[in-house]
Amino acid sequence: MEGAGYRDNDVLLHWAPVEEAGDSTQILFSKKDSSGGDSCASEEEPTFDPGYEPDWAVISTVRPQPRHSEPTRGAEPSCPQGSWAFSVSLGELKSIRRSKPGLSWAYLVLVTQAGGSLPALHFHRGGTRALLRVLSRYLLLASSPQDSRLYLVFPHDSSALSNSFHHLQLFDQDSSNVVSRFLQDPYSTTFSSFSRVTNFFRGALQPQPEGAASDLPPPPDDEPEPGFEVISCVELGPRPTVERGPPVTEEEWARHVGPEGRLQQVPELKNRIFSGGLSPSLRREAWKFLLGYLSWEGTAEEHKAHIRKKTDEYFRMKLQWKSVSPEQERRNSLLHGYRSLIERDVSRTDRTNKFYEGPENPGLGLLNDILLTYCMYHFDLGYVQGMSDLLSPILYVIQNEVDAFWCFCGFMELVQGNFEESQETMKRQLGRLLLLLRVLDPLLCDFLDSQDSGSLCFCFRWLLIWFKREFPFPDVLRLWEVLWTGLPGPNLHLLVACAILDMERDTLMLSGFGSNEILKHINELTMKLSVEDVLTRAEALHRQLTACPELPHNVQEILGLAPPAEPHSPSPTASPLPLSPTRAPPTPPPSTDTAPQADSSLEILPEEEDEGADS
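Residues numbered from 1 in each chain as written. Predicted model: local features only at pLDDT ≥ 70, side-chain atom pairs only at ≥ 80, totals over all residues. Heavy atoms only, no water.

## Brief notes about the overall build of the protein chain
When helices and strands are counted, the protein chain shows 24 helices and 12 strands. Expressed as a percentage of its 615 residues, the buried residues of the protein chain come to 50%. Put simply, 68% of the contacts in the protein chain that link residues at least 6 apart link residues at least 24 apart. (Helix = DSSP H or I, 4+ residues; strand = E, 2+ residues; numbered from the N terminus. Buried < 20%, exposed > 50% of the residue type's maximum accessible area, 1.4 Å probe, protein only. Contact = heavy atoms within 4.5 Å.)

## Details of the nonpolar core
Membership of the largest hydrophobic core comes to 117 residues, with the highest contact counts inside it found for Ile-394, Phe-411 and Trp-484. Top element by residues in this core is helix H14 (residues 401-415). It accounts for 11 residues. Here this core spans two domains, since at least three of its residues come from each of domain 2 (294-416) and domain 3 (422-557). When near neighbours in sequence (up to four residues on either side) are disregarded, Ile-394 contacts Trp-287, Leu-291, Gln-399, Ala-404, Cys-407, Phe-408, Phe-411 and Trp-484. If you look at the next biggest cluster of nonpolar residues, it comprises 22 residues, including Val-11, Val-88, Ile-96 and Leu-118. (Core = buried A, V, L, I, M, F, W, Y, C linked by side-chain atoms within 4.5 Å. Domains from an automatic or database assignment.)

## So, the packing of aromatic side chains
Following the criterion strictly, the structure yields 20 aromatic pairs and no others. Relative to Phe-408, the ring of Tyr-374 has its centre 5.2 Å away and its plane inclined at 70°; by these criteria the two rings are edge-to-face. Of this pair, Tyr-374 sits in helix H12 (residues 362-377) while Phe-408 sits in helix H14, and the two are 34 residues apart along the sequence. The class of Phe-408 is buried, set by a relative accessible area of 0%. Centroid distance Tyr-396 to Phe-473: 5.0 Å. Interplanar angle 85°. Geometry classified as edge-to-face. Note that Tyr-396 is positioned in helix H13 (residues 387-398) and Phe-473 in helix H18 (residues 473-484), a separation of 77 residues in sequence. (Phe/Tyr/Trp six-rings, centres within 6.5 Å; stacked < 30°, edge-to-face > 60°.)

## Things to note about the pairing of strand E9 (residues 106-112)
With six of seven residues buried, E9 is to be regarded as a mostly interior element. Inspection of the sheet shows strand E8 (residues 93-98) paired to E9 by five bridges, in the antiparallel sense. Bridge pairing in E9 links Arg-98 to Leu-108. Two strands pair when backbone bridges link them, and E9 and strand E10 (residues 121-123) are joined in this way by three bridges, in the antiparallel orientation. Note that in E10 the partner of Tyr-107 across the bridge is His-122. (Pairing = 2+ DSSP bridges.)

## Overview of the side chain of Asn-368
Mapped onto the elements, Asn-368 comes out in helix H12. Looking at Asn-368, the relative accessible area reads 14%, which means it is buried. Not counting chain neighbours up to four residues away, the residues in contact with Asn-368 comprise Ile-342, Glu-343 and Val-346.

## Thoughts on helix H22 (residues 531-546)
Between the first and last C-alpha of H22 there are 22 Å, a value that for 16 residues agrees with the 22 Å anticipated at 1.5 Å per step. Residues of H22 that are buried: Val-531, Val-534, Leu-535, Ala-538, Glu-539, Ala-540, Leu-541, His-542, Gln-544 and Leu-545. (Expected span 1.5 Å × (residues − 1).)

## Some details on the environment of His-493
Secondary-structure assignment places His-493 in helix H19 (residues 492-503). Judged by relative accessible area, which is 0%, His-493 ranks as buried. Taking the C-alpha atoms as reference, His-493 lies 9.6 Å from Leu-535; in sequence the two are 42 residues apart. Here the side chain of His-493 touches Gln-429 through a polar contact of 2.7 Å, side chain to side chain. (Polar contact = N/O pair within 3.5 Å; in protein donor to acceptor, adjacent residues only side chain to side chain.)

## Focus on the pattern of salt bridges
Taken as a whole and assessed by the stated rule, the structure comprises 28 salt bridges. A salt bridge links Glu-260 to Arg-262; its shortest N-O distance comes to 3.4 Å. A salt bridge links Lys-288 to Asp-403; the nearest nitrogen and oxygen atoms lie 3.3 Å apart. Of this pair, Lys-288 sits in helix H8 (residues 280-290) while Asp-403 sits in helix H14, and the two are 115 residues apart along the sequence. The exposure class of Lys-288 is buried, given its relative accessible area of 13%. Among the ionic contacts, a cluster of salt bridges with common partners joins Arg-244, Arg-283, Arg-478, Glu-481 and Glu-532. (Salt bridge = Lys/Arg side-chain N within 4 Å of Asp/Glu carboxyl O.)

## Describing the side chain of Thr-485
Of note, Thr-485 is situated in the loop between H18 and H19. Here Thr-485 falls in the buried class, since its relative accessible area comes to 2%. Looking at Thr-485, its side chain comes within polar contact range of the main-chain oxygen of Val-482, at 2.7 Å.

## As for the environment of Gly-365
Within the fold, Gly-365 resides in helix H12. What makes Gly-365 partly exposed here is its relative accessible area of 33%. As a C-alpha pair, Gly-365 and Val-346 span 19 residues in sequence and 8.6 Å in three-dimensional space.

## What to know about the packing of H8 against H18
Where H8 contacts H18, the axes come no closer than 10 Å and their chain directions differ by 40°. Pair H8 / H18 crosses with left-handed handedness. Of the residues in H18, those in contact with Arg-283, Trp-287 and Leu-290 of H8 are Pro-474, Leu-477, Arg-478, Glu-481 and Trp-484. Looking at the contact of H8 with H18 residue by residue, the classes come out as five nonpolar, no polar and three charged. (Axes fitted to C-alpha atoms, helices over the stretch in contact; angles between N-to-C directions. Left-handed = near helix turned anticlockwise from the far one by under 90°. Nonpolar A, V, L, I, M, F, W, Y, C, P; charged D, E, K, R; others polar.)

## A few points about helix H15 (residues 424-440)
Helix length check: H15, at 17 residues, gives a terminal C-alpha distance of 24 Å against a target of 24 Å (1.5 Å per residue), a fit within 8%. Most of H15 sits inside the fold, with 14 of its 17 residues counted as buried.

## Observations regarding unusual backbone geometry
Cis rather than trans, the peptide bond between Leu-487 and Pro-488 has omega equal to -5°. Residue placement: Pro-488 occurs in the loop between H18 and H19. Despite not being glycine, Leu-456 has its phi angle at roughly 60°, a positive value. Here Leu-456 shows up in the loop between helix H16 (442-450) and helix H17 (460-464).

## Observations regarding the packing of H13 against H14
Their axes nearest at 9 Å, the elements H13 and H14 cross at an angle of 140°. As summarised for this structure, H13 and H14 are arranged oblique, according to the angle between their axes. As H13 runs across H14, the sense of the crossing is right-handed. Across from Met-387, Leu-390, Leu-391, Ile-394, Leu-395 and Ile-398 in H13, the residues of H14 making contact are Asp-403, Ala-404, Cys-407, Phe-408, Phe-411, Met-412 and Val-415. Of the residues belonging to the contact of H13 with H14, the class tally is 12 nonpolar, no polar and one charged. (Parallel < 35°, antiparallel > 145°, perpendicular 65-115°, else oblique.)

## Quick look at the confidence of the model for the protein chain
For the protein chain, the mean per-residue pLDDT works out to 75, and 65% of the residues sit at or above 70. This model gives residues 158-162 a pLDDT under 50, and the stretch forms 13 contacts once residues within four places in sequence are excluded. (pLDDT = per-residue confidence, 0-100.)

So this is what it looks like as structure tokens:
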């Protein structure tokens, strides 16, 4: 193959297959100097064995032979060596498509701005990476967010970049401003718009080795976009064996209660909850501490005073919407919309559970009242579909309207970012999940990429409502109480997702699934997963990652092993951190009005013993 040259201040790519009897495939690279003479740049590049990807082997660059005539611009054949030869201006390229993985050789297809494709460039002896490296000296190559095998081509010229960004609608803001930031800081500008970045994208944006021309400044190493980091292969040690313990019993909990009702040795108690969960009979009391409703440091008398205060607050907020007349609600479209959406969602939330079954079940009324009161408590967020899924297990366990409301508020402090309209928190979590999975299992990531599933969108529901619909109801209770401990660090729910994918790895990769089959298989896992197996594997993955001495900094941030490289935005985070009294909901101003007490003592007790379903 022959290489690149300048003509009329434009860079041309000349391609001519080498005869079989000739030398091995070569890349020829030349450029025109300022004096107008023909000077050739030649630089020997070392040959190396990539091991896992032989078709990306680097080949040597050699000095081109003198030409007697200038090639014709465009995609017409310009070389007598064969009908497959052509010459094209790099400015005419729109994208480059690479071959599917698994072939015995690699190929590249160049797509022009006019929409046509040039003859495929086949690399039977390797060389695709070397060609792309040379092209990246003159172009910006970015992996398409829709197609992992497609590289989008952007020129270094800022006006052309602006037109490209505007055409592709990759950025929300004005494209001219984006281009300025892109040329100054290609890493953060691009990472904020693409959900994932490949190792090749890093190579395309980073400055080239010595002797190579580049108009881009060195990327900032100390200011990566939160949630994204280009990573190389990380050598992880062996995965440790993890054994979970038995649930914490009422007797064990009682041993941690001091003379004044103050809990003692709280870190040890939390560790026990993390490793074994809680016995069903203990959840009603312990969840109030795990969700920040009661303070771990408070005495029994302080807890009673706190509950009295919170009861008054709750019914004052509940009175706000109960006192709205039908006439007023007709002129309040927001409240009317919340009420309609809540009624619809409540009517289909966990209706197979005995606690909520039946048309006149009082539990449904409590779900409705608590969710409407939460709209008064959090005006900005209001009600979003999915919140009823989070409240249902809490009300089932707590069985008291007021206590369940404040425990629900504590849970929402952890996950309210999931329900924001911008979905920035969900996007950030999916990016972090992909980063963890790429470190843990790059082959699985490559497979998902090849099947157009690399964005992990099939995990969206998992993260949105914390696997509520993936496990049987009793297993959800066990999973949530373990996650609420905040141990062994933040974002354990992401490792739970990694554990599920790790368990299904062989099924996904060996069954020849495409994107539709992958989505179907993930959906069919509902109610078939064992929470103990998943938690055991998630903890083992955490230990395996934390034992790695070369863990990328962004992964350390996700696991809470390193402080963030830059301060995150003040938007609420969805990371499962333990709540403390300082994170309790703000106290409304005192009121002299007497709160209605008609249903302040409303407390539901199960008609039958349901503890067996909990175990």
